[in-house]
Every structure is written in C-alpha cells, then in structure tokens.
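Observations on chain architecture
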Amino acid sequence: MRKIRVDLGERSYNIVIDNNILKEIGTALSKFEFSGKIGLISNPTVYNLYVGVLSESIRASGFDLVEIIIPDGEEYKSLSSMQDIYGELLKAKLDRISALVALGGGVIGDITGFAASTYMRGIACVQVPTTLLAQVDSSVGGKTGVNHQLGKNMIGTFWQPEIVWVDIDTLMTLPRREFLSGFAEVIKYGVIWDEDLFDFFEANRDLILDLDRDALTYIIKRSCEIKSEVVSKDERESGLRAILNYGHTIGHAIETVTGYKKYLHGEALAVGMHLEARLSRMLGFIGAEQVERIKAVIGLYELPLELPSEIDPGSLLEAMQLDKKTVAGELKFILPERIGTVKIHSGVSPAEVKEALKNI
Ligand code: NAD
Ligand code: GLY
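Quick caveat, the model's predicted, so the values are computed rather than measured.

1. With respect to the overall build of the protein chain
Of regular secondary structure, the protein chain possesses 14 helices and eleven strands. A globule of 360 residues ought to have a C-alpha radius of gyration of about 21 Å, and the protein chain, at 20 Å, matches this closely. Overall, the C-alpha framework of the protein chain stretches about 60 × 40 × 35 Å when taken along its three principal axes. Burial statistics for the protein chain: of 360 residues in total, 57% are counted as buried.

2. Looking at the site of ligand 2
For ligand 2, the full set of nearby residues is Asp137, Lys143, Lys227, Glu237, Arg241 and Leu244. A distance of 2.9 Å separates an oxygen atom of ligand 2 from a polar atom in the side chain of Lys143. Lys227 is positioned with one of its side-chain polar atoms (N or O) 2.6 Å from an oxygen atom of ligand 2. With the chains in place, 87% of the 200 Å² that ligand 2 exposes on its own is no longer accessible. Here the residues of the shell around ligand 2 sort into one nonpolar, no polar and five charged.

3. What to know about the sheet that holds strand β2 (residues 13–18)
Ordered in space as β1-β2-β9-β6-β5-β3-β4, the seven strands form an open sheet in which the pairing is mixed. Among the strands making up the open sheet, the edge pair consists of β1 (2–6) and β4 (64–69). Adjacent strand axes in the sheet meet at a mean angle of 20°, parallel and antiparallel pairs treated alike. Sheet topology note: the β2/strand β9 (residues 163–167) ladder contains five bridges and is parallel. Of the residues in β9, the one forming a bridge with Ile17 is Val166. Sitting on the sheet, helix α4 (residues 106–118) touches β3 (37–42), β5 (99–104) and β6 (124–129), and the angle it makes with β5 is about 170°.

4. Focus: the site of ligand 1
Around ligand 1, a shell composed of 26 residues is seen, among which Glu74, Gly106, Thr130, Thr131 and Thr173 lie nearest. A distance of 3.1 Å separates an oxygen atom of ligand 1 from a polar backbone atom of Val107. When isolated, ligand 1 has an accessible area of 870 Å², and the protein chains bury 88% of it. Elements represented by at least two residues in the shell around ligand 1 include exactly α2 (44–60), α4, α5 (132–138) and β8 (151–158). Of the residues belonging to the shell around ligand 1, the class tally is seven nonpolar, ten polar and nine charged.

5. Quick notes on the packing of helix α7 (residues 195–203) against helix α9 (residues 213–233)
Where α7 contacts α9, the two axes come as close as 11 Å, and the packing angle between them is 155°. The orientation of α7 relative to α9 falls into the category roughly antiparallel. In the packing of α7 onto α9, the handedness of the crossing is left-handed. Seen from α7, the contacting residues are Asp196, Leu197, Phe200 and Phe201; seen from α9, they are Ala215, Tyr218, Ile219, Arg222 and Ile226. Of the residues in the contact of α7 with α9, the class split is seven nonpolar, no polar and two charged.

Parameters and conventions
Residues numbered from 1 in each chain as written. Chains lettered and ligands numbered in written order. Predicted model: local features only at pLDDT ≥ 70, side-chain atom pairs only at ≥ 80, totals over all residues. Heavy atoms only, no water. Helix = DSSP H or I, 4+ residues; strand = E, 2+ residues; numbered from the N terminus. Rg over C-alpha atoms; globule rule 2.2 N^0.38 Å. Buried < 20%, exposed > 50% of the residue type's maximum accessible area, 1.4 Å probe, protein only. Near = heavy atom within 4 Å. Polar contact = N/O pair within 3.5 Å; in protein donor to acceptor, adjacent residues only side chain to side chain. Areas by Shrake-Rupley, 256 points an atom, 1.4 Å probe, with all protein chains shown as cover. Nonpolar A, V, L, I, M, F, W, Y, C, P; charged D, E, K, R; others polar. Pairing = 2+ DSSP bridges. Axes fitted to C-alpha atoms, helices over the stretch in contact; angles between N-to-C directions. Contact = heavy atoms within 4.5 Å. Parallel < 35°, antiparallel > 145°, perpendicular 65-115°, else oblique. Left-handed = near helix turned anticlockwise from the far one by under 90°.

Structure follows, in structure tokens:
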C-alpha cells in the first residue's frame, strides 16, 4: 500500500493507493471516530459495479449503511440533487459524527464533499474515487461543489476529506475514452511540475494504455504527490495552487461554448494545454522544441490538440472573461517555461489569445 500525506495541520489526511483494496475500506473507516451510520453516495453505474464488496466491508466493520443513489451525469451535479441528498440524510438520521463516503468519479466526489461540508454545518467525508480523473485530481485537495445554471462549479466549498481510498483495479471497468480524458490531468502534472514523469509518458505509452498495474501505480502516486504538495502549500488557491489550472483557462471556455456536450473535461483540457503552450511560445517564454514535446505527448494519448473550426475564437474569449479564474477582467494563464516549470501570467491581450487559438 502506498500512502501519501496531505499536510494541512489538523486537517491532514492520507491518500491510500493500491490494487484490490475496496474490501478493506471498512477496517480503514473503523479507525476513525465516526458514529454508527455511514452515508454512501454513488450513481447507478458505479454502484452496480462496486457496491457489493464495499458495503459488505463497511457493514462487516459494524456500521449501519445508508445508500443514496443519484442518476449518472454532470447535469445531476446540481442543487436539486443536494435537496434529495439532504432529505435522505435527515430521514436516516445521520448525525454530526456520521461520515459520507463518495463512491464514483469527480461528479459524485464533488457532490458528496459538498453535502458533507454543509450537512449539520459539516460532517466527515471519505473519497473512494473510481475514475482516473478523480484518483489523480478531484478527490484530493478539498474543492467541492455543484453547478448552477449560470455556471459550472459556481456553488461550492473547501472541505478536506478524512481519507482518500484509491483502488486502482476500479480503472479496469472504466471506458477507454474516460481513461484517456483523465490522463490529460496526468499530463498536466508532468508539464507543471515533473519532467521525469513527463519522460515516463513518452517512454511507456503501451504499458499505460494496457493498464499495467505498476505503470498506473506510478502515475497515480506521482500525480497525488504533486497535488498534495501544491495543496499543502496553498489550500485556498491564493497563489501557487493556480498552477493546477494549466490548460484550464482555454479548456473551460471550450467546455462552456460547446455546452459540455462535445468534449469530456480532459479532452477540452488537452486542447487547452496545447494552445496555452503555443501562447507561451508566442510570448517568448518557452522553446519550440518543448512545445513540440507537449503536443506529441497529448497526441500519443489520443487526445485532441486543435479547436474544431466551428468554434468561434470571439465566443471562446468571451467565455474566458466570464470564468471565475478571471479577476477584474484580467485573463490569467498558467504558461509553461519548460517541461516541469510553469509561470502564472496575467495581462495577456485578447489579440494574443486569439492568435494562439488559430489552427496553424
Ligand atoms: P464522472 O464522475 O462523470 O465519471 C465519468 C463516467 O464514468 C460516469 O458515467 C461514471 O458513472 C463512470 N464511471 C466512474 N467510475 C467508473 C468505473 N470504475 N467503471 C466504469 N464506469 C465508471 O466524471 P469525472 O471525469 O470522474 O469527473 C468530472 C467531474 O469532476 C466534473 O464535474 C468536474 O467539475 C469535477 N472536478 C473536480 C475537481 C476538484 O478538484 N474537486 C477537479 C477536477 C474535476
Ligand atoms: N483541480 C484543480 C484544483 O484542485 O485546484
């Protein structure tokens, strides 16, 4: 078992990573001082695959399990789902020392974290992420939330989990497109922080795409270590944590203008990482050969690189200006200087952004 500590004083916690460990979650939960009731939140897809082993383990450790299933899909990451969840928690009489367990991808993780942070002014939360994106990113760091009809992730809290329990074997049932989309976040860590990790992507494509357990363990562990280090230094994103948004300024805008239908998050992020690397090159911050390496790795993992022609750069720019990362109208970009190092850069002109968006 690999353990990574997220160091946040009295809110510190472990990320536990291994194969075939869902069956041990009950023992892990019994080490905390939770009361007898555990609320499990999942969706039908993940529930049908994994609830058997998980619930057996939790019940065998003496907990009473309350299962709450919400439909599968980003559109259910909403305040309306929260109403249903609060209702179920109240009816089942979960109390202030009960815990909620999130079993699923980032949607379930964000909803469960938000429910835990607000139910009875805050109860414990345990993350059991089952997508690659959730295992390397969303389950760690405490960002929770739901979407509003006027914007994604606009309602939310910072609420750190008590533990993150990563069973790599759950990735074996993940659709390939979802795996590749999650891999975009892994590429991000290589570019922003760790050239050795990036070298690993270049050298081990087949192992990674064949879901080799050792290769997966390495990339997940390294990604979690990087996220943990960044979050430990800047939990509330007043500075350093913004580097985790590399590729996201353009990526989020792509998701917005395409109505969250054409691209999975990591696919839009992949285009964003490529175009933001190109922007960095245009501004003279990074060498052409480094941009080529970033582009090549994104392509190697079958992720898109360019904007489709039907996306108008003007509407993309408008979406960027409305993003919550934009403060006082200043567009902020995380720009690579070389693989492994980025800078936070404000004050890029709209004309420069439009130039970088061009398919060249
Ligand atoms: P998701 O949760 O929608 O999961 C993708 C699909 O995979 C779903 O259909 C799900 O049912 C299915 N699935 C999950 N695990 C499976 C498994 N093991 N086998 C088979 N199918 C499985 O999507 P996601 O990409 O995991 O997460 C995206 C969400 O995460 C977005 O809402 C995004 O805003 C959020 N997010 C949050 C943070 C954060 O820091 N909190 C960071 C990044 C993304
Ligand atoms: N996914 C970006 C962050 O957690 O800050």
